[in-house]
Amino acid sequence: MSGHNLSAGLAAGALLLCAYGVQAGDLTHEAASSNWSGCYVGAHAGYAHAKAEATDSPFTEGAFEGTGTSWNSLGAPYEVIESDDHAAIGGVEAGCDRQVDVDGLSLVFGGAIDFSLMDLSSGGASKIVGDTRTSFDTDWAGTARLRAGIAAEDLLFYVTGGLAVADIDVRAFDTQTFPTIGLMDVSGGGVKTGWVAGAGAEWRLAPNWSASLEYLHYDFDDVTATGAAIDPAGAFPRFENDLDFDVVRVGLRWRL
């Protein structure tokens with residue numbers, strides 16, 4: 001799925017959510033102050049920690065295909081090169097909710113989309129051959145999520161989960177430092193999809209304003225750096241990256 005099509009899909013989803021939520025617009029001002037039905041827009045800021053595990057995987061093409069050979073190993077077990085980074089993040093969000101009162105419980109169901117800017121990048125080195133290195137980099141991430149929770153007057157506690165998307169670039173390279181052999185510089189990535197899940201709390205500050213505290217875990221599997229090696233000829237190194245982001249953020253939302 002291209003980034004353009006995915007962005008269009010998220011925007012369409014947001015419009016559908018808002019169209020659904022504005023059906024609550026006939027609430028009186030007094031009722032609105034204690035009811036979570038409706039749509040909102042907002043902004044958030046927080047902290048993100050990213051971790052990457054790059055597995056030196058068997059070649060799947062070229063002269064060594066099917067032999068079980070990887071860049072630094074003739075067979076299993078295959079080395080995992082780890083790296084991590086942390087940074088501040090910030091972005092915007094929008095969503096809609098519907099409150100349903102059942103047997104004295106105020107249940108809230110809804111959906112949300114968000115977009116966050118971030119600067120997460122790091123690299124790691126092989127413990128087998130130290131001049132083999134891997135790296136990752138991401139500039140932004142977004143989500144399209146459902147959420148469900150329980151409201152108690154001006155407090156809302158919820159769980160949430162759905163689709164995650166991020167611009168992720170990965171790389172692996174070997175400088176052929178003597179006396180080891182092998183020379184390569186391969187990369188991969190782009191706009192990738194994964195999943196996100198988390199939980200949060202929201203506090204109504206005023207009839208049209210609320211503040212949020214939220215934790216989200218993002219997971220992106222199999223972002224692969226691969227290509228033809230410079231030396232030896234016929235080798236196609238393949239480093240499969242598993243990336244996780246953990247985010248804690250606060251937000252301010254204006255309820256329409």
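This text follows the structure it describes.
A few points on the structure. (Residues numbered from 1 in each chain as written. Predicted model: local features only at pLDDT ≥ 70, side-chain atom pairs only at ≥ 80, totals over all residues. Heavy atoms only, no water.)

### Structural notes on the nonpolar core
Where a protein is soluble and globular, its nonpolar side chains tend to be buried together. With 31 residues, the main nonpolar core has I168, Y218, F220, L243 and F245 as its most contacted residues. Elements with a minimum of two residues in this core: β1 (38–57), β2 (80–102), β3 (105–125), β4 (132–152), β5 (155–174), β6 (184–206), β7 (209–226) and β8 (238–255). The contact partners of F220, leaving out residues within four places of it in the chain, are A164, V165, A166, I168, K192, T193, G194, N241, D242, L243 and F245. Core analysis: the second largest hydrophobic core is formed by 5 residues, W36, V108, L156 and Y158 among them. (Core = buried A, V, L, I, M, F, W, Y, C linked by side-chain atoms within 4.5 Å. Buried < 20%, exposed > 50% of the residue type's maximum accessible area, 1.4 Å probe, protein only. Helix = DSSP H or I, 4+ residues; strand = E, 2+ residues; numbered from the N terminus. Contact = heavy atoms within 4.5 Å.)

### Looking at the sheet that holds β7
Here 8 strands make up a closed barrel; going around it, the order is β1-β2-β3-β4-β5-β6-β7-β8 and the pairing antiparallel. In this sheet, adjacent strand axes meet at a mean angle of 15 degrees when their direction is disregarded. Bridge count for β1 against β8 is 18 bridges, and the pairing is antiparallel. In the sheet register, A54 faces β8, and the bridge partner there is N241. (Pairing = 2+ DSSP bridges. Axes fitted to C-alpha atoms, helices over the stretch in contact; angles between N-to-C directions.)

### Digging into the pattern of salt bridges
Overall, the coordinates contain 13 salt bridges when judged by the stated rule. Of the charged contacts in the structure, one is a salt bridge between D114 and R249, with a shortest N-O distance of 3.0 Å. With D114 in strand β3 and R249 in strand β8, this pair connects stretches of sequence that are 135 residues apart. Across the salt bridge formed by E202 and R147, the nearest N and O atoms sit 3.1 Å from each other. (Salt bridge = Lys/Arg side-chain N within 4 Å of Asp/Glu carboxyl O.)

### Focus on the state of the cysteines
For the structure on display, the rule yields 1 disulfide. What pairs with C39 in a disulfide is C96, and their sulfur atoms sit 1.9 Å apart. The sign of the 95 degrees torsion about the S-S bond sets the C39-C96 disulfide as right-handed. Residue C39 is located in strand β1, and its partner C96 is located in strand β2; the two are separated by 57 residues in the primary sequence. Across the pair, C96 and C39 agree in class, each one buried. (Disulfide = S-S within 2.5 Å.)

### Points about the environment of G110
Along the polypeptide, G110 turns up in strand β3. Spatially, the C-alpha atoms of G110 and G149 are 9.0 Å apart, while their sequence positions differ by 39 residues. Ignoring any residue separated from it by four or fewer positions in sequence, one finds G110 in contact with C96, D97, R145, L146 and R147.

### A closer look at unusual backbone geometry
Residue P77 is reached from A76 by a cis peptide bond, and omega for that bond is 0 degrees. Locating P77 in the fold gives a position in the loop between β1 and β2. With an omega dihedral of 10 degrees, the bond running from D231 to P232 counts as a cis peptide bond. Among the structural elements, P232 can be located in the loop between β7 and β8. Of note, the phi angle at D103 is positive, near 50 degrees, even though the residue is not glycine. A relative accessible area of 80% places D103 in the exposed class. Of note, the phi angle at E153 is positive, near 60 degrees, even though the residue is not glycine. Relative to the helices and strands, E153 resides in the loop between β4 and β5.

### Description of the pairing of β7
One ladder, built from 12 bridges, connects β6 with β7; its direction is antiparallel. Bridge pairing in β7 links S187 to T226. From the end of β6 to the start of β7, which pair antiparallel, there are 2 residues. Sheet topology places β7 next to β8; 16 bridges connect them, and they run antiparallel. Following the sheet pairing, L216 is matched in β8 by V247.

Without other data, these values stay purely geometric and don't point to any function.
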